[in-house]
Number of protein chains: 2
Amino acid sequence: MTTTPQLLPMAEPTAAACCAPLTREAIAPDQADLLARKLKALADPTRLRLVSIVAASDGEEACVCDLIEPVGLSQPTVSHHLKILMEAGFLTRSKRGTWAYYRLVPGALGELSQLLDVTASR
Amino acid sequence: MTTTPQLLPMAEPTAAACCAPLTREAIAPDQADLLARKLKALADPTRLRLVSIVAASDGEEACVCDLIEPVGLSQPTVSHHLKILMEAGFLTRSKRGTWAYYRLVPGALGELSQLLDVTASR
């Protein structure tokens, strides 16, 4: 097996020292917690569509007024999903005039896919 | 913006035709459902650690007897998590003698990270 670039902290040496040897270190528990939280924030069809619509918008930014109709939900529900995506670090929000604008955090999804690649070899 | 390779089916033309134009198509609803299900299966610290231990094992395969101690849970609980990972297409299971062996599905995590990359541009 080729060596995968290690972006994750090493697990404690004793963490997986049960019976069969590992050929490389598994993900550390605290890193698994962090990654699980980020995945959970994305693991919803509406939130995936919201992220995708923002990403597909000009400048990777979209007004909340442009996000409601495509997903077919009420504004409070859409705002709730957007809040979860902001808290997980995928979107940022800025207010201009009446409307809130949501922008994709550069590299946030790319970082997540890199973490997945490191969690398992390709 | 550069053109991202499109691995996802196009959304219906009217799906996101609210106000501001999109620079490319957003993820289609049925593809969002599928991706959300896969992400949900992984979005748990124990399951991430199990996948990672299997991936780090010789031949990307591990006996269930080697998975219990590292995650510090009972065998039924570990088996429950492994079942979810199998149903989501990340692991396969084979029985040899007394023990069940879990093997990483080649490319399953890589495919997921590609889908994430397509959901948003990097």
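- As annotated in an unreviewed UniProt entry, chain A is Metalloregulator ArsR/SmtB family transcription factor from Agromyces indicus.

**Considerations on the overall build of chain A**
Here's step 1: When helices and strands are counted, chain A shows five helices and three strands.
Here's step 2: Mapped from its N terminus to its C terminus, chain A presents α and β elements in the order α-α-β-α-α-β-β-α.
Here's step 3: Taking all 122 residues of chain A together, the buried fraction comes to 49%.
Here's step 4: At a minimum sequence separation of 6, the contacts of chain A that also span at least 24 residues come to 53%.

**Observations concerning the pattern of salt bridges**
Pairing between side chains becomes possible if they bear opposite charge and their charged atoms approach one another.
Residue and element names in this part refer to chain B.
Here's step 1: Applying the stated rule across the entire model yields six salt bridges over all chains.
Here's step 2: Its salt-bridge partner being Arg103, residue Glu61 comes within 3.5 Å of it at the nearest N-O pair. Of this pair, Glu61 sits in strand 1 (residues 61-63) while Arg103 sits in strand 3 (residues 99-104), and the two are 42 residues apart along the sequence.
Here's step 3: Residue classification places Arg103 among the partly exposed residues on the basis of a relative accessible area of 39%.
Here's step 4: Of the charged contacts in the structure, one is a salt bridge between Lys83 and Glu87, with a shortest N-O distance of 3.7 Å. A residue pair is termed a helical-turn pair when its members lie 3 or 4 positions apart in one helix, as Lys83 and Glu87 do in helix 4 (residues 75-87) at four residues.

**Some points on the state of the cysteines**
All names here are of chain A.
Here's step 1: Summed over the entire model, instances satisfying the criterion amount to two disulfides over all chains.
Here's step 2: Linked covalently through their sulfurs, Cys63 and Cys65 form a disulfide whose S-S length is 2.3 Å. Between Cys63 and Cys65, the disulfide has an S-S torsion of 130° and is therefore right-handed.
Here's step 3: Owing to a relative accessible area of 4%, Cys63 belongs among the buried residues under this scheme.

**Looking at the packing of helix 1 (residues 29-42) of chain A against helix 2 (residues 45-56) of chain B**
Here's step 1: Closest axis-to-axis distance for the helix 1 of chain A/helix 2 of chain B pair is 8 Å, and the angle between their directions is 120°. In the crossing of helix 1 of chain A with helix 2 of chain B, the sense of the turn from one axis to the other is right-handed. Of the residues in helix 2 of chain B, those touching helix 1 of chain A at Pro29, Ala32, Asp33, Leu35, Ala36 and Leu39 of chain A are Pro45, Leu48 and Arg49 of chain B.
Here's step 2: Residues belonging to the contact of helix 1 of chain A with helix 2 of chain B are distributed by class as follows: seven nonpolar, no polar and two charged.

Basis of the calculations
- Residues numbered from 1 in each chain as written.
- Chains lettered and ligands numbered in written order.
- Predicted model: local features only at pLDDT ≥ 70, side-chain atom pairs only at ≥ 80, totals over all residues.
- Heavy atoms only, no water.
- Helix = DSSP H or I, 4+ residues; strand = E, 2+ residues; numbered from the N terminus.
- Buried < 20%, exposed > 50% of the residue type's maximum accessible area, 1.4 Å probe, protein only.
- Contact = heavy atoms within 4.5 Å.
- Salt bridge = Lys/Arg side-chain N within 4 Å of Asp/Glu carboxyl O.
- Disulfide = S-S within 2.5 Å.
- Axes fitted to C-alpha atoms, helices over the stretch in contact; angles between N-to-C directions.
- Left-handed = near helix turned anticlockwise from the far one by under 90°.
- Nonpolar A, V, L, I, M, F, W, Y, C, P; charged D, E, K, R; others polar.

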